Number of protein chains: 2
Amino acid sequence: MDIIKQLEWRYATKKFDANKKLSKAKLNIITEAFNLTATSFGLQTIKLIVIEDKKLREPLVEASYNQKQVLDASHLLVICIQRDIEDTDVITYYNNIKTIRNTPDTILKPYQEDLINMMQSKSIAERQQWSTNQAYIALGNLMTVCAIEGVDSCPMEGFLPTKYDEILKLDEKGLKSVLLLPVGYRAEDDMFSILKKVRKPINEAVIKI
Amino acid sequence: MDIIKQLEWRYATKKFDANKKLSKAKLNIITEAFNLTATSFGLQTIKLIVIEDKKLREPLVEASYNQKQVLDASHLLVICIQRDIEDTDVITYYNNIKTIRNTPDTILKPYQEDLINMMQSKSIAERQQWSTNQAYIALGNLMTVCAIEGVDSCPMEGFLPTKYDEILKLDEKGLKSVLLLPVGYRAEDDMFSILKKVRKPINEAVIKI
């Protein structure tokens, strides 16, 4: 597996083949990879919404500045953050560590306290920004995983999150949409797929000191 | 290549083997992968600083809350953002597209104008946040690329960026440090390497609708 070759193969797919579907196995890899994304403190205050149903996706096109990828892709991935982070999120997380690793409370409690205090010291906007950072890490991870698996994707920030939240009833789930990643297979006539990749010369992007 | 196996193998390395170095080939893969990271509009307002010299890294330990990974790792990667985004950044980018793809000015100019206007409409803090989002995408990409290549890494937000900027003279380069990623090989006695991974049950992290 030549990772550089796969990253060069990847591009922001402008037109998906509406008839090609991801296999269950591919979709499982993507969702597992999302759950394995590194997040700050391991707290995982992000969620992935996977939408296959095209009827449900139809009204999302307008909320995405008419970018048809959200409808034509095999699946639409919506990366969401929790609307807020509560003490119970931290407590549940540490209980999970205790269950999985059998770590004694005496070791875990001080870390749990520190994390609760850290979260309480932030404003709700800061907590949302903190979660949004994790959403971008997940996006970076998923684009690379898709490239490795020969799955096309298109990262999208250009959409109306409040419209998405309304249409997908994300408020009821305590979530806010922050990033989109339609996934599937490129259309044969997507002219963007044959354009040369534009990047800075490596010695401008990377500085060795 | 089983990507899930590699993502499960990855962990935030707490102790690196100070005697193990990355080969030039591995380092090249990592730097190329950084340059291939998808960024919003393709503008690449982030840079990667690669530090091998241990003398230079010694004063960084204190600026990293004494986390020894920044010194013991084979290389320390510092992901930076540009302090600001100027019109010339956008113009240089579109000139680069023109050179690489031979796209006519009549097609490129309106997009160039739009992007300049979009950037000018933001505050400097907003432009920095915009670039920081791209830094997180790069972090997500690089952690996955390292995992695929059997390279250990440790994502770090916990450091003093202003101290880093001072020590590494980033101000002179028009840069600000935002994220660290020491890379190398785990020490045999890093007890964290054998701990079970803690993640939410997949049906809590991923919602299919």
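This structure is a prediction, so every number in the text was calculated from the model and none was measured. (Residues numbered from 1 in each chain as written. Chains lettered and ligands numbered in written order. Predicted model: local features only at pLDDT ≥ 70, side-chain atom pairs only at ≥ 80, totals over all residues. Heavy atoms only, no water.)

A.B. asks: I keep staring at the environment of S123(A) and nothing clicks. Help me out?
C.D. replies: Counting through the fold element by element, S123(A) comes out in the loop between α6 (105–120) and α7 (124–148). Distance from S123(A) to L170(A), taken between C-alpha atoms, is 21 Å for residues 47 residues apart in sequence. (Helix = DSSP H or I, 4+ residues; strand = E, 2+ residues; numbered from the N terminus.)

A.B. asks: Help me out: how do you make sense of the interface of chain B and chain A in this one?
C.D. replies: Accessible area lost upon the coming together of the parts serves often as the stated size of an interface. Listed as interface residues are 64 residues of chain B and, on the opposing side, 64 residues of chain A. When the two sides are added together, the surface that chain B and chain A hide from each other amounts to roughly 5,800 Å², 62% of it contributed by carbon and sulfur. Contact with chain A buries surface across chain B, with L36(B), R199(B) and I209(B) losing the most and accounting together for 13% of the total. In this assembly, chain B and chain A are joined by zero salt bridges. At the junction of chain B with chain A, the criterion picks out 30 residue pairs in polar contact (both at pLDDT 80 or more). Within the residue set of the side of chain B that touches chain A, elements represented by two or more residues are α1 (3–9), α2 (24–35), β1 (46–51), α5 (87–101), α7 (124–148), α9 (202–205) and β5 (206–208) of chain B. Per element, the largest residue contribution to the side of chain B that touches chain A is twelve residues, and it comes from α7(B). Here the side of chain B that touches chain A is composed, by residue class, of 35 nonpolar, 14 polar and 15 charged. Relative to β1(B), strand β5 (residues 206–208) of chain A is paired through three bridges, and the arrangement is parallel. (Contact = heavy atoms within 4.5 Å. Buried area = accessible area lost by both parts, 1.4 Å probe. Salt bridge = Lys/Arg side-chain N within 4 Å of Asp/Glu carboxyl O. Polar contact = N/O pair within 3.5 Å; in protein donor to acceptor, adjacent residues only side chain to side chain. Nonpolar A, V, L, I, M, F, W, Y, C, P; charged D, E, K, R; others polar. Pairing = 2+ DSSP bridges.)

A.B. asks: I keep staring at the sheet that holds strand β3 (residues 152–153) of chain A and nothing clicks. Help me out?
C.D. replies: Across a sheet, strands are paired by hydrogen bonds formed along the backbone, either parallel or antiparallel in direction. Strand order across the open sheet formed by five strands is β3(A)-β4(A)-β2(A)-β1(A)-β5(B), with mixed pairing between neighbours. If you trace the sheet from one side to the other, it starts and ends with β3 of chain A together with β5 of chain B, each paired once. As judged from the six bridges shared by strand β1 (residues 46–51) of chain A and strand β2 (residues 75–82) of chain A, these two strands associate in the antiparallel manner. Within β2(A), the position partnered with I49(A) by the bridge is V78(A).

A.B. asks: Explain the packing of aromatic side chains to me, please; I cannot follow it from the model alone.
C.D. replies: For any two aromatic rings, the description comes down to two numbers: the centre-to-centre distance and the angle of the planes. Evaluated as defined, the whole model comprises four aromatic pairs over all chains. Pairing F159(A) with Y164(A) gives two aromatic rings, centres 4.9 Å apart and planes at 70°, and the pair type is edge-to-face. The burial state of F159(A) is the same as that of Y164(A); both residues are buried. With centroids separated by 5.1 Å and ring planes inclined at 65°, the aromatic side chains of Y93(B) and Y94(B) adopt a geometry described as edge-to-face. Look at Y93(B) and you get buried, because its relative accessible area is 13%. Over the face of the ring belonging to F192(A) we find K14(A), whose NZ or CZ atom lies 5.2 Å from the ring centre. (Phe/Tyr/Trp six-rings, centres within 6.5 Å; stacked < 30°, edge-to-face > 60°. Buried < 20%, exposed > 50% of the residue type's maximum accessible area, 1.4 Å probe, protein only. Lys NZ or Arg CZ within 6 Å of the ring centre and 35° of its normal.)

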